[in-house]
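Reading the structure
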Amino acid sequence: MIPYGRQEVTQDDIDAVVDVMKSDFLTQGPEVERFERAFADEVQAQYAVASNSATSSLHLAYLALGIGPGDIVWTPPISFVSTANAARMCGADVDFVDVDPDTQCMSADALRDKLIVAKSAGTLPKLVVPVHFTGRSCDMAAISELGGEYNFRIVEDAAHAIGAAYQSKPVGACEYSDIAVFSLHPVKIITTGEGGMATTNDADLASRMATLRTHGVTRDPDVVTGPIPGDWYYEQHELGFNYRMTDMQAALGTSQIKRLGDYIQGRRAIAARYDKLLAELPLFRPPVETNDLSAWHLYVIRLTDDAIPRAQVFAELRKRGIGVQVHYIPVHTQPYYAELGFTSGDMPISEDYYERAISLPMFPTLTKTDQDTVVETLSDILASD
Ligand SMILES: *Cc1c(COP(=O)(O)O)cnc(C)c1O
């Protein structure tokens, strides 16, 4: 089976992890700090806070921004469930903004329309979380302008987008947001096994996320309120979590991030080659890149109206050894969200996209031969219509 995504682990990666295993620190220690520094530098942000997953980092980011019961958080339906779930984990309410029909990123137009309605209904969001779907940045300038007008905060779900650029700056520089969150799951661009990273230029947000990551406990003499009786002393001021990354994971991350540029180049070349090889097939390809550089986490094709049903094409591809996937089932149609009152029909563009989407194999070590096999198999299936 040619998988849809695959990590690469080199001997250097393995050596870096083994070195840590022989050192004094296994859990969060100097390697986490080193990785955070490397990550922040890479995306040109002032601060980076590591955690054990992007889901944890989203939770920390929302909490640091003060999201809690009674608040409303808006996300797009085309995302992994974590984007919306993290708001529920804070006790907040979730609502959805439909996506752009070409990029499947949150549509700034749909956002504006929904804000106008929400303003008169008194249901404005405190936080909006655009998702850089497939690694392509959303229109952050437009979303940020609306943030100023309607007074909401912005977290970028950049789980797909390390290595991407928006207006010539790396995604994660937070030019138009409060915090950006990245995933280091093996299927993403670089990996720490499991892991997440939040970047920001706000020292208070960084410090709040770091405290909440480790039980809400602090030793900071500027923060503790009581007299400090000795070096053992710490205080807990709010409810936090154990969301720490291990030093072994961080060492893997620091080793992986060195290859980020090569990975993005490799993914970009594969996307360009798919564009060429698929040009004559009756399907929609991803929109061509603008000036903004995509990280190409995913290459998603969409079937046309007169094609064989998606489920059939998908099953046939899998049967013939092509490990395709579907990203994503619209979150508002999940039984958990249906229970909260959302129904099919609420987000027509997301739902129509979902009916026709297939993610093709996309990872930097995908060989040309394997890519040719993917295209020939797909071509054969579509022609059998
Ligand atoms: C993968 C992913 C997440 C969750 O990442 P984890 O590190 O697995 O928690 C969140 N949002 C999006 C868009 C993702 O693709």
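Notes on the structure follow. Along each chain, the written sequence defines residue order, and numbers are assigned to residues from 1. Confidence filtering applies because this is a predicted model: local features only for residues at pLDDT of at least 70, side-chain atom pairs given and counted only at 80 or more, and all residues used for totals across whole chains, interfaces and linings. Side-chain descriptors were evaluated using all non-hydrogen atoms of the structure, hydrogens and water having been removed beforehand.

Brief notes about a nonpolar patch on the surface
Put simply, the test is: Residues enter patches when their relative accessible area tops 30% and they take part in no salt bridge; the joining distance is 9 Å for like charges and 5 Å for the nonpolar side chains Val, Leu, Ile, Met, Phe, Trp and Tyr. For the accessible areas, the method is Shrake-Rupley and the probe is 1.4 Å, while residue cover comes only from the protein chains on display. Whenever Lys or Arg places a side-chain nitrogen within 4 Å of a carboxyl oxygen from Asp or Glu, that contact is recorded as a salt bridge. Segments assigned H or I by DSSP are reported as helices when at least four residues long, segments assigned E as strands when at least two residues long, and all are numbered from the N terminus. Relative accessible area decides the class of each residue, using a 1.4 Å probe on protein chains only: under 20% of the type maximum gives buried, over 50% gives exposed, and in between gives partly exposed.
A contiguous nonpolar surface patch, about 210 Å² in accessible area, is contributed by Val9, Ile14 and Val18. Checked against the element boundaries, Val18 lands in helix H1 (residues 11–21). Take Val18: its relative accessible area is 33%, and that puts it in the partly exposed class.

Considerations on the side chain of Thr200
What counts, and what does not: Contacts described as polar in this section are N or O atom pairs within 3.5 Å, which, within protein, must combine one atom able to donate a hydrogen with one able to accept it, while residues neighboring in sequence count only if both atoms come from side chains. Contacts are residue-level and defined by heavy atoms, with any inter-residue pair within 4.5 Å sufficient.
Positionally, Thr200 belongs in strand S9 (residues 196–200). In this structure the side chain of Thr200 is engaged in a polar contact, spanning 2.8 Å, whose partner is the backbone oxygen of Asp178. Leaving out residues up to four positions away in the same chain, Thr200 has contacts with Ala45, Gln46, Tyr47, Cys174, Asp178, Ile179, Leu205, Ala206 and Met209.

Describing the site of the ligand
Quick reminder of the rule: The rule for a residue being near a molecule or strand is that one of its heavy atoms must lie within 4 Å of it. Amino acids outside the nonpolar list (Ala, Val, Leu, Ile, Met, Phe, Trp, Tyr, Cys, Pro) and the charged list (Asp, Glu, Lys, Arg) are all regarded as polar, and Gly is one of them.
In the vicinity of the ligand there are 15 residues, among which Thr55, Asp157, His160, Ser183 and Lys188 approach most closely. Interatomic distance of 3.0 Å between a side-chain N/O atom of Lys188 and an oxygen atom of the ligand. Tyr328 is positioned such that a nitrogen or oxygen atom in its side chain is 2.9 Å from an oxygen atom of the ligand. Relative to its unbound accessible area of 380 Å², the ligand is 92% covered by the protein chains. At the level of secondary structure, the elements contributing two or more residues to the shell around the ligand comprise helix H3 (54–64) and helix H4 (82–89). Split into classes, the residues belonging to the shell around the ligand amount to five nonpolar, eight polar and two charged.

Some details on the pattern of salt bridges
Evaluation of the coordinates by the stated rule reveals 19 salt bridges. Lys319 is paired through a salt bridge with Glu316; the nearest N and O atoms lie 3.6 Å apart. Placement of both Lys319 and Glu316 in helix H10 (residues 310–319) is noted, with a separation of three residues, approximately one turn of the helix. One connected set of salt bridges, linked through shared partners, spans Glu316, Lys319, Arg320 and Asp380.

Examining the packing of H10 against helix H13 (residues 368–383)
Defined as follows: Angles here are taken between N-to-C directions and fall from 0 to 180 degrees, while the axes themselves are lines fitted to C-alpha atoms, restricted in helices to the stretch in contact. The scheme is simple: roughly parallel for angles under 35 degrees, roughly antiparallel for over 145, roughly perpendicular for 65 to 115, oblique for anything else. The hand of a helix crossing depends on one turn: near helix anticlockwise from the far one by less than a right angle means left-handed, and clockwise means right-handed.
Two numbers describe how H10 lies on H13: the axes approach to 10 Å, and their chain directions differ by 135 degrees. It follows that H10 is oblique to H13 by the angle criterion. With respect to the hand of their crossing, H10 and H13 are arranged in right-handed fashion. Taken together, the residues of H13 that come into contact with H10 (itself represented by Val313, Glu316 and Leu317) are Thr377, Leu378, Ile381 and Leu382. Here the residues of the contact of H10 with H13 are counted per class, giving five nonpolar, one polar and one charged.

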